[in-house]
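Inside the fold
What follows is each chain in one-letter form.
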Amino acid sequence: ITIADDDGVWLTISQPQLIWNRSALLRGRLEIESLTAQSIDMPRGPLPDQSAPSPEAGGFSLPDLPVSVILEKLEVSTARFGQSVFGLETEISLNGAITLSDGSLDTNLDVVRLDGPGGNLSLDIAYDGSSDTIDLDVQLQEPEDGIIANLLNIKGKPPVALSIKGDAPVEELRVDMALDVDQQRILSGELRLDGTPGGLQIGADLGGPLSTIVPAEYAKLMGTESRLSLDAVRTDQGQIYVNRLTLDSGVVALSAQAQILADGFLSALNLDAKIADPQGQIIDLPGNNGSTSFSNAAITVLYDAAQQNRFVQNLTLSNLSTNAVDIGRIALETDGTVSNVDNPANRALAFSTSGTVDQIDTADPALAEALGNEIKIEGGGAWSSGAALTISALDIEGHTY
């Protein structure tokens, strides 16, 4: 069996075999004794379907099928994936079973890596539709040079273990998460779901010494501990209200509140993000071998379509230093309006922006003459549903131009 798109074949299934009970269909059951294949080859993923409609938000539910589906044995001896599928060429085997019946799901899968150093993933998920209860247990164990260590580009490619567990009604669910790298706990925490009138409350608290597994140039930015906290509500109509989102990781501090409509459009945002060393030290920009640095940066965004349909954004960067030039301060302010937020077909926004690049200093006489001490920026534009973003004006004024 081959499946192709405009770029050619992207999936090949060799020697598939299906053993099933035809008479069970008369009782409204699709009973499959075994579904097996000698091999599956997936060198790349399929091209995206641009004609597919945007997914609408909705509550959690399993597909409402006209028959129950019972797959007693799923077995694939070899499945090969190209690097573009999830970032690493690999070969695995797959075994398991799946039952989907009367709004309930019971599935267990065992995935074993066949190439390289090996590793295995065990996934057990059971959802009882009658009691709205989930039993979740995901366990990943990989030795050195495993898939996760390669995907995250962890130095030395050490062993990795991941655990995700939870067992409770959906509206009381607590999911415990833990990530160990080289037998050290790197990330742990809890995801919470709680029923609330008209929706579902979502909470999360995660943290750990993530800086120990990132490249050295990023470690200072993240500090010794990273913490993420979330408090949000998802309504039965699909809107999401982010009451609190905070991130504290070394020199990075972020807090935000937001409202997102059922179709994914942002209707309100209050964002305050800063990058600054608590001891006032200069921050080296990662990836530049210390040649680019700054003292602090900040961005704020205020926007609420229900109030004024107006948004304001301020961005500042102080004491930027490169091999060629030093800049005391960069400031950019954007002011705009959003209209017809509740009408996706007629949404529109208009904006104007202004900024300055001040206290420019360089040892190059020709560059100093060209840039001067200050650069001014003015501009504006607009966007509407179904149209491209239009820049109606952009003016940059320097010392000699």
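Preceding this section is the structure that the text describes.
Residues numbered from 1 in each chain as written. Predicted model: local features only at pLDDT ≥ 70, side-chain atom pairs only at ≥ 80, totals over all residues. Heavy atoms only, no water.

1. Digging into the side chain of Arg192
With respect to the secondary-structure elements, Arg192 resides in strand β12 (residues 184-196). At 2.9 Å, the side chain of Arg192 forms a polar contact with the side chain of Asp205. If we skip the residues at most four places from it in the chain, Arg192 touches Leu173, Arg174, Gln201, Ile202, Gly203, Ala204, Asp205 and Leu230. (Helix = DSSP H or I, 4+ residues; strand = E, 2+ residues; numbered from the N terminus. Polar contact = N/O pair within 3.5 Å; in protein donor to acceptor, adjacent residues only side chain to side chain. Contact = heavy atoms within 4.5 Å.)

2. Regarding the environment of Val251
With respect to the helices and strands, the residue Val251 is situated in the loop between β15 (240-249) and β16 (252-260). A C-alpha to C-alpha distance of 5.0 Å links Val251 and Ala276, two positions 25 residues apart in sequence. Sequence-distant contacts of Val251, defined by excluding residues within four places in its chain, comprise Lys220, Leu221, Lys274, Ile275, Ala276, Asp277 and Ile283.

3. Quick notes on the packing of aromatic side chains
Considering all chains together, one arrives at one aromatic pair under this definition. Centroid distance Tyr303 to Phe311: 6.4 Å. Interplanar angle 90 degrees. Geometry classified as edge-to-face. The ring of Phe265 has Arg347 sitting right over it, with the charged end atom 4.1 Å from the ring centre. (Phe/Tyr/Trp six-rings, centres within 6.5 Å; stacked < 30°, edge-to-face > 60°. Lys NZ or Arg CZ within 6 Å of the ring centre and 35° of its normal.)

4. A look at the pairing of strand β13 (residues 199-208)
Most of β13 sits out of view: seven of its ten residues are buried. The pairing of β12 with β13 spans nine bridges and is classified as antiparallel. In the sheet register, Glu190 faces β13, and the bridge partner there is Asp205. In this antiparallel pair of consecutive strands, β12 and β13, the connection spans two residues, and Gly198 shows a positive phi of 85 degrees. Judged from the ten bridges that link them, β13 and strand β14 (residues 226-235) form a sheet pairing that is antiparallel. Looking at the pairing, Leu206 lines up with Leu228 of β14. (Buried < 20%, exposed > 50% of the residue type's maximum accessible area, 1.4 Å probe, protein only. Pairing = 2+ DSSP bridges.)

5. What about unusual backbone geometry?
Phi is positive for Gln183, close to 65 degrees, though the residue is something other than glycine. Positionally, Gln183 belongs in the loop between β11 (174-181) and β12. One non-glycine residue with positive phi stands out, namely Gln359, at about 55 degrees. Considering the arrangement of structural elements, one finds Gln359 in strand β23 (residues 348-361).

6. Brief notes about the pattern of salt bridges
Enumeration according to the criterion identifies 15 salt bridges in this entry. Notably, a salt bridge pairs Arg27 with Glu31, separated by 3.4 Å at the nearest N-O pair. Under the relative-accessibility criterion, Arg27 is labelled exposed at 53%. Given the relative accessible area of 16%, Glu31 is considered buried. Look at the salt bridges and you will find they share partners, linking Arg27, Arg29 and Glu31 into a network. (Salt bridge = Lys/Arg side-chain N within 4 Å of Asp/Glu carboxyl O.)

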